[in-house]
Amino acid sequence: MLNDIQTIKNLAGEEIEKADSLKSIQELKIKYLGKKGILTGKLKSLGSTPQEDRREYGRILNEAKICIEDLLSKHEAAFKTLELNKTLQTQRIDVTVPGYFIPAGHLHPTTQVLDEIISIFTSLGFNVEEGPEVELDFYNFEALNMPKDHPARDMQDTFYITEDIVLRTHTSSVQVRIMEKNAPPLRVIAPGKVYRCDADVTHIPMFHQLEGFMVDRDIKMSDLKGVLEVFIHTVFGPDTKLRFRPSFFPFTEPSAEIDISCVICKGAGCNVCKNTGWLEILGAGMINPRIFEMAGYDPDQYTGFAFGMGIERVTMLKYGIDDIRLFYENDIRFLGQF
Amino acid sequence: MKASYKWLKEFTDFLLSPKELAHALTMAGFEVEGMEDIEGDTLLDINVTPNRPDCLCIKGIAREISAILEVPFKAITIDVRKQEGRGPEIEIKDSPLCKRYASRTISGVKPAPSPAWLIKRLESHGFRASYNIVDVTNYVLLEMGQPLHAFDLDKLAGQKIVVKTAGSEKTFRTLDDEDRKLGKDMLLIWDAKKPVALAGVMGGQNTEVSLSTVNVLIESAYFHPASIRRTSKTLNITSESSYRFERGVDIDNVAKALDRAAQMIAEIAGGRVSNLTDIYPEPYELKKIIVRTEKINSLLGIEIKESSIQKILNSLGFETKREGEGFIVTPPSFRPDIQRDMDIIEELARLYGYDKIPATLPCIKVQPAPVNKRQDLIRTTKNAMIRSGFSEVINYSFFKPDTLDKLNLPPDDKRRNLVFIKNPLRKEESAMRTSLIPALLNNVSLNLNHGEKDISFFEVSRVFLPSDLKLPDEIIQMAAISNNNKSAMLWESKHDGFYDLKGALENLFRDLKIKQYYLIQDTSSIEPYLHPGKSCSIIVNGEKIGSLGTIHPHVSESFDIKGSITILEIYDLEKLLEHVSSGTTFVSLPKFPYVERDVAIIVSNEVLVEQVNREILSVDSDLIEAVTLFDIYTGKPIPQDKKSLAFSIRYRAADRTLTDAEVDSLHSNIVERLKNTLNAELRG
Ligand SMILES: [Zn+2]
């Protein structure tokens, strides 16, 4: 009897291994485990087995059944996977048909660069402030140590609304406004539009600037260098060299003009840098004590630095744009590139 | 300021090549903007900043070079031999405007062309050669920075020079043959009877040196910078003289330059030099400025030795005396820009070398950064618009006032109150804009002309409206525009572009957390530049905050645009901040399933989708969870004045699973209601 079961088990095993389709597996299932199957027949005859053998015989029979079932389901699953894969192969799609999407718009390159610059300075603890674009002559010039009849006013061509009201020529106008309303310490950046009465191949009458300033006890000129170095290295890469040159702005002293090594030719000399290897990118300096006096700060207690940059200039260098007039023509062939 | 390399070498010994010199000057604050080789010499084009008038001459730049390179400076010797007689009497009537006036006469001169070397120097530095006498005055100006003027002595009435303002004198003919309109505060030089020069700006035709001149008077003076600048600006004359006077000349150099010129004229044009007449009532007092070594080092972030400080300052011609923990510094008369210790620190930094200052990061206390709601608002708005497929444009803030006519704005529209620019670049663009729409229409027109097909733009910018305060109101607006042609989704191309913009508005309001808003088609409040049937006002909390709609065909036409254009306009972006809903509140997830039923009805064209929604919800707002429009159909077999609307209605109870019987009864109530209130027919 026991041998008998072993034989059935072995035979079933062999047959299942040999089966070559899902169909033959299903047939084998019926042959062994179906209502009239071989193993089912043995189970039915269990009742007629002697009492003392019944328990042991039943256990072995059940074991064989589980064994065959396992084997069957394993092979069944394998054949099913095979068949599914065959079906999937026939459902090939053309992956080269264009995808569906609502095309997103483009942020203006000036906004993109401005946002990047703002995030660098906010990460350094600067707050963003704004001021009016139509500005009092006082904040644009006088409070910045440029009284009327001062030749330094020649450095900028100004649009006038009235004798005392101008379109701001720089975002430095925000400096004194902020200082008037706040006590130090201050860490502020002021981005925005500025205007110059000037239009030719390299000038447009409206452009963007970002002014930054920091006022506290014990702010040094070396700190100005450090902060601007962080900024330049973030925007143009850590290998960019900086060069500080003495310059003149009525509202800073000492004043500096900052050049970076040419991002186009890496300093070897090219058209963009007029073969000097350097590009002028920022104006900066230590805040002139006269500005503190105008704002009511004690220049013996506080020092600070300020810097300003033209955003279009940075944008042009960053993307290699060679014509500033493209910025506000709003040609989609330009805007769509950014 | 142009400067000859060879001429500079006459004043100081240095071994640098022109290129090396240019670099050294640039790194000391005198940016060399260009170089030009001319016959064995090189001209350097040096940008002299407004604070350094002392360097608007060869001598000044040479003095600076000797300080930068630490090489000796060679002064030229001036020696006026054989002085005889005296020139006219000088009277300064407006002494605050003229602090020094000196003159010498030279009698028996022979006007003629100058020697070749002199002409060459003048011409290479941008001066036109004239008679020798005038050439010498220009030469001395170039060399020593002091503007001089030569009068024909015999044309001066009454042997007298008077320095006073124009007063009631109305016009004056300058030597360029122009009649100049005088202001009463303009400073003039007079003889006994008439004005003979615009002081410091330009001489007069009546006393000009000519070929027949025999005796000349040379003027050397110090005029008040602001006064000269006002005259020069008012009359729109910038001369080599006025440029230097308005920046400030060296008052102690006035007589020296005069002597140099007199000597040269006598040598070149012959003649006898008179004694000096020099009216200088209050000699310049040198400043004494205290500067502490500790302040120098702490401000610059360096450690410089006291001996180096002294050496640098002395090389610049500053006298120094040690005092306590610093110095008493006396800057020379040619440096009136040095007023306080910071000015001295700047000079030290400049010659010490900015490149030697280290880069450090400031020690600062951490402060919480205040939230800038306005910036956040602008950023959120821009991002929402980008996501809806609109690209950002930026337009100029000024526009042509007559574009407002093109927009059909009535005469009393407040956007016709303009802020005008006194000196616009182009006459037409003379006002600050009060609407973003015209520029956007121009942007669309330009891009259509380039053959672009899909145009969807937006702009976030300020408009400028006059106010009762001194400065105009600057209001941040957002406007978007589209030509309703989404070629990327051709199968959708038949829909009305209005809904693109409406979708963008919905996106925007979702991001800005504005939940309650209405679109009202009230003809009386609709913008005159919009299509009366395809536009509406956007209402938030009872306030009209913007407009949405298709541009009126007349308006598109006046901007040379064919086809339909839709716009969205928010009049004051910041106002939206008042309407932002407070934070989101979580609602528990439903525990029981929903049942969905559709209903398709035929209604008159006038019935709005919003009306149907309201009617459906009014039947049972607790059990009806959502009503969604999924089809609008017009055309056969629907009658012409009607449309078919299909809605999907979702039913759900919070506390139980709804039975079919319950839903059936609700649904038929809804159908009944639509039939009764909206005269709807059920579509079979
Ligand atoms: Zn380059």
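Residues numbered from 1 in each chain as written. Chains lettered and ligands numbered in written order. Predicted model: local features only at pLDDT ≥ 70, side-chain atom pairs only at ≥ 80, totals over all residues. Heavy atoms only, no water.

## Things to note about the coordination of the zinc ion
Residues and elements named next belong to chain A.
Reasoning step 1: Protein coordination of the zinc ion is provided by Cys262 (SG), Cys265 (SG), Cys270 (SG) and Cys273 (SG), with donor distances spanning 2.2 to 2.3 Å.
Reasoning step 2: Here the zinc ion is ringed by 4 donor atoms whose angles at the metal span 101 to 114°, and the overall shape comes out tetrahedral.
Reasoning step 3: Sequence spacing of the donor residues for the zinc ion, all on one chain, is C-x2-C-x4-C-x2-C. Of this pair, Cys262 sits in the loop between strand 7 (252-261) and strand 8 (278-287) while Cys273 sits in the loop between strand 7 and strand 8, and the two are 11 residues apart along the sequence. The exposure classification of Cys262 matches that of Cys273, with both residues buried. (Donors = N, O, S within 2.8 Å, 3.2 Å for Na, K, Ca; no water. Tetrahedral: all angles 85-135°; square planar, octahedral: opposite > 155°, others 65-115°. Helix = DSSP H or I, 4+ residues; strand = E, 2+ residues; numbered from the N terminus. Buried < 20%, exposed > 50% of the residue type's maximum accessible area, 1.4 Å probe, protein only.)

## Side note on the domain arrangement of chain A
Accessible area lost during the coming together of the parts is what is often quoted as the interface size.
Reasoning step 1: Domain parsing of chain A yields domain 1 (2-90) and domain 2 (116-335).
Reasoning step 2: On a C-alpha basis, the centroid separation for the pair domain 1 of chain A and domain 2 of chain A is 86 Å. (Domains from an automatic or database assignment.)

## Here's the deal with the sheet that holds strand 30 (residues 624-633) of chain B
All names here are of chain B.
Reasoning step 1: Reading across the sheet, the 4 strands line up as 30-31-29-32 and stay open at both edges, with antiparallel pairing between neighbours. Edge positions in the sheet fall to strand 30 and strand 32 (681-682), since each of these pairs with one other strand and no more.
Reasoning step 2: Across 8 bridges, the pairing between strand 30 and strand 31 (residues 642-651) is antiparallel. The partner of Leu629 across the bridge, within strand 31, is Phe647.
Reasoning step 3: The strands touched by helix 18 (residues 660-678) within the sheet are strand 29 (595-604), strand 30, strand 31 and strand 32, with strand 29 carrying the most contacts at an inclination of about 15°. (Pairing = 2+ DSSP bridges. Contact = heavy atoms within 4.5 Å. Axes fitted to C-alpha atoms, helices over the stretch in contact; angles between N-to-C directions.)

## What to know about the pattern of salt bridges
Two side chains that carry opposite charge are able to pair once their charged atoms sit near each other.
All names here are of chain B.
Reasoning step 1: On inspection of all chains with the given rule, the structure shows 72 salt bridges over all chains.
Reasoning step 2: Here Arg292 ties to Glu294 by a salt bridge, and the two come within 3.2 Å at their closest N and O atoms.
Reasoning step 3: The exposure class assigned to Arg292 is partly exposed, which follows from its relative accessible area of 42%.
Reasoning step 4: Given the relative accessible area of 48%, Glu294 is considered partly exposed.
Reasoning step 5: Two residues, Lys502 and Glu506, come together in a salt bridge whose shortest N-O distance is 3.9 Å. Of this pair, Lys502 and Glu506 both sit in helix 15 (residues 498-512), separated by 4 residues, roughly a single helical turn. (Salt bridge = Lys/Arg side-chain N within 4 Å of Asp/Glu carboxyl O.)

## Overview of the packing of aromatic side chains
Reasoning step 1: Following the criterion strictly, the structure yields 24 aromatic pairs over all chains and no others.
Reasoning step 2: Between A:Tyr195 and B:Phe398, the aromatic rings sit 6.1 Å apart at their centres with planes inclined by 55°, giving tilted as the arrangement. In this pair, A:Tyr195 sits in strand 4 (residues 186-195) while B:Phe398 sits in strand 21 (residues 398-399), so the two residues belong to two different chains.
Reasoning step 3: B:Phe398 gets classed as buried once you look at its relative accessible area, which sits at 7%.
Reasoning step 4: A connected cluster of aromatic rings, assembled from ring pairs, spans A:Phe159, A:Tyr195, A:Tyr319, A:Phe327, A:Tyr328, A:Phe334, A:Phe338, B:Tyr396 and B:Phe398.
Reasoning step 5: Seen from the ring of B:Trp190, B:Lys164 lies directly overhead, with NZ or CZ sitting 4.3 Å from the centre. (Phe/Tyr/Trp six-rings, centres within 6.5 Å; stacked < 30°, edge-to-face > 60°. Lys NZ or Arg CZ within 6 Å of the ring centre and 35° of its normal.)

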